[in-house]
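# Working through the structure, step by step
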Amino acid sequence: MKKIVVLGAGESGAGAAVLAKKQGFEVFVSDMSAIKDKYKSMLDSHQIEWEEGRHTEEKILDADEVIKSPGIPDQAPMVQKIIAKGTPIISEIEFAGRYTTSKMICITGSNGKTTTTSLIYHIFKQAGYDVGLAGNIGNSLALQVAEDPHAYYVIELSSFQLDNMYDFKADIAILLNITPDHLDRYDNCMQNYVDAKMRIIQNQTEQDAFIYWNDDPIIQRELKKYDIRSVTYPFSALKENGSIGYIEEGTYTIERPTPFNMEQESLSLTGTHNIYNSLAAGIASDISGIKKEVIRKSLSDFPGVEHRLEKVCRVGGVQYVNDSKATNVDACWYALESMTTPTILIIGGKDKGNDYEPIKPLVREKCRAIVYLGADNQKLHDNFDSLGLPVVDTHNMRDCVDACYRLAQPGDTVLLSPCCASFDLFKNMEDRGEQFKTLVRAL
């Protein structure tokens with residue numbers, strides 16, 4: 001019997017283990033951290049052996065194949081030993097793809113993935129399609145393939161997931177943008193990160209579709225290196241350079257496969273970045289045969305994504321906005337670009353090799369003050385103190401929100417758009433956003 005080892009027992013790992021067990025493999029799950037109770041229960045109910053707080057080397061190196069959680073870097077000592085032995089390492093998505101013939105709509109990009117994925121899922125559900133939500137959001141693809149299969153899957157893919165995907169193919173691949181992110185995981189080499197993102201189009205054929213942002217200079221450069229066989233659907237803010245999706249004179253327009261348009265002001269999502277997200281989602285839905293009236297209605301009533309430019313509440317005439325998902329500089333740029341009132345910007349966290357130069361002009365133009373929120377804010381001081389804005393140094397969310405309350409004036413916006421990962425002070429990005437919302441609502 002072939003032996004499968006799963007490294008990491010979070011959502012993707014536990015789901016992969018269940019699918020592997022169902023397919024008749026001998027399965028062992030190992031996690032250096034504590035495993036959540038719900039995943040322990042899932043593994044126990046399927047009689048899957050697991051361990052936490054350690055890696056038993058003999059069992060792991062005896063595997064025929066290893067399914068690795070995307071959060072575990074290749075530099076981890078156990079992973080290095082697996083690589084040295086020559087044992088294949090794959091992702092949960094790669095594994096799940098072997099056991100389904102469903103249509104795969106896959107979305108990647110440095111920014112906008114979650115919003116676009118959620119929006120496409122919303123449209124497909126409104127159209128009555130049998131669809132599952134997977135990848136970085138929703139239940140793991142492997143678990144759904146094992147226990148709750150669907151005809152379509154809308155999958156948000158990070159560069160980490162794409163790294164360990166080899167034979168998997170997207171029926172519809174969406175590449176929103178490529179800007180510096182996670183460079184600490186890619187030897188601080190931008191090209192390594194770019195190469196990971198471009199894997200979204202691997203294995204595509206003439207029957208498949210590739211949707212991409214036509215104005216992205218990195219995507220334009222990279223496309224020249226690839227023999228793209230799929231049908232391409234470029235989109236941009238304006239009609240230019242062959243784009244088939246764009247905004248023209250206030251009208252949201254898609255030229256093919258089925259011509260479609262609606263008033264831009266009817267879109268539920270606002271801001272330049274959300275125009276791109278809405279165009280990508282509309283094109284994918286159009287390709288999938290969804291009726292125009294359903295696409296129009298769904299683009300108009302989509303409620304948005306938690307922790308992405310989420311309006312929390314208004315206190316004393318000040319609007320508080322939770323954009324905790326902005327974990328890189330480009331995401332913060334889009335958030336600032338959408339601000340129409342004087343802004344108190346909350347920035348900081350675990351730096352991923354950030355270059356803050358691109359947002360400095362917007363910070364200077366839009367911000368009344370900056371509140372630093374991190375375990376170590378020195379790099380922020382080095383980059384932003386010279387702008388001459390009031391700054392406050394904080395190291396927990398309570399002090400941060402208190403500082404914002406003191407600084408803000410009626411008519412202002414307090415924007416949590418940190419540019420950084422959350423792991424220095426918080427469990428994750430969601431924890432950071434939830435703490436912000438709880439404290440703001442208590443003001």
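This one's a predicted model, so the numbers in the text were calculated from it and none came from an experiment. (Residues numbered from 1 in each chain as written. Predicted model: local features only at pLDDT ≥ 70, side-chain atom pairs only at ≥ 80, totals over all residues. Heavy atoms only, no water.)

A word on the sheet that holds strand 3 (residues 49-52). Taking strand neighbours across the sheet as the criterion, the five strands line up as 3-2-1-4-5 in an open arrangement whose pairing is parallel. Looking at the sheet topology across the chains shown, the edges are occupied by strand 3 and strand 5 (89-90). Here strand 1 (residues 3-7) runs beside strand 2 (residues 26-31); their pairing, made up of five bridges, is parallel. Note on strand 2: the bridge partner recorded for K3 is E26. Sheet strands touched by helix 1 (residues 11-22): strand 1, strand 2 and strand 4 (65-68). Its angle to strand 2, the strand with the most contacts, is close to 170 degrees. (Pairing = 2+ DSSP bridges. Helix = DSSP H or I, 4+ residues; strand = E, 2+ residues; numbered from the N terminus. Contact = heavy atoms within 4.5 Å. Axes fitted to C-alpha atoms, helices over the stretch in contact; angles between N-to-C directions.)

Across the sheet, which stays open at both edges, the six strands sit in the order 15-16-20-17-18-19 with mixed pairing between neighbours. Each of the sheet's edge strands pairs with one partner strand only, and the pair in question is strand 15 (310-315) and strand 19 (391-394). Sheet twist, expressed as the average angle between the axes of neighbouring strands with direction ignored, equals 20 degrees. Packing of helix 16 (residues 397-407) onto the sheet brings it into contact with strand 15, strand 16 (318-322), strand 17 (343-347), strand 18 (367-373), strand 19 and strand 20 (413-416), and relative to strand 18 it is tilted by some 165 degrees. Contacting strand 15, strand 16, strand 17 and strand 20, helix 17 (residues 429-441) crosses the sheet at an angle of about 20 degrees to strand 15.

Moving on, we come to the packing of helix 6 (residues 113-126) against helix 12 (residues 292-301). Relative to each other, helix 6 and helix 12 sit at 135 degrees, their axes nearing to 9 Å. By the angle class used here, helix 6 and helix 12 are oblique. Our pair here, helix 6 against helix 12, has a crossing hand that is right-handed. Together, L119, H122, I123 and Q126 of helix 6 and V294, I295, K297, S298, L299 and D301 of helix 12 make up the contact between the two elements. When the residues that make up the contact of helix 6 with helix 12 are grouped by side-chain class, the tally is five nonpolar, three polar and two charged. (Parallel < 35°, antiparallel > 145°, perpendicular 65-115°, else oblique. Left-handed = near helix turned anticlockwise from the far one by under 90°. Nonpolar A, V, L, I, M, F, W, Y, C, P; charged D, E, K, R; others polar.)

In this section: the side chain of S158. Within the element layout of this structure, S158 appears in the loop between strand 8 (152-156) and helix 8 (159-163). The contacts of S158, once residues within four sequence positions are left out, are T108, K113, N136 and K197.

The next thing to look at is the pattern of salt bridges. Counted under the stated rule, the structure contains 22 salt bridges. When the shortest N-O distance is used, the salt bridge between K59 and E49 registers 2.2 Å. With K59 in helix 3 (residues 57-60) and E49 in strand 3, the pair connects residues that are 10 residues apart, well separated along the chain. The closest approach of N and O atoms between D351 and K379, which form a salt bridge, is 3.2 Å. Here K379 lies in helix 15 (residues 378-384) and D351 lies in the loop between strand 17 and helix 14 (360-366), a separation of 28 residues in the sequence. A residue is classified by how much of its surface remains accessible, and K379, at 33% relative accessible area, is partly exposed. Each of E306, E310, E434 and K437 takes part in salt bridges that share partners, so that together they form one network. (Salt bridge = Lys/Arg side-chain N within 4 Å of Asp/Glu carboxyl O. Buried < 20%, exposed > 50% of the residue type's maximum accessible area, 1.4 Å probe, protein only.)

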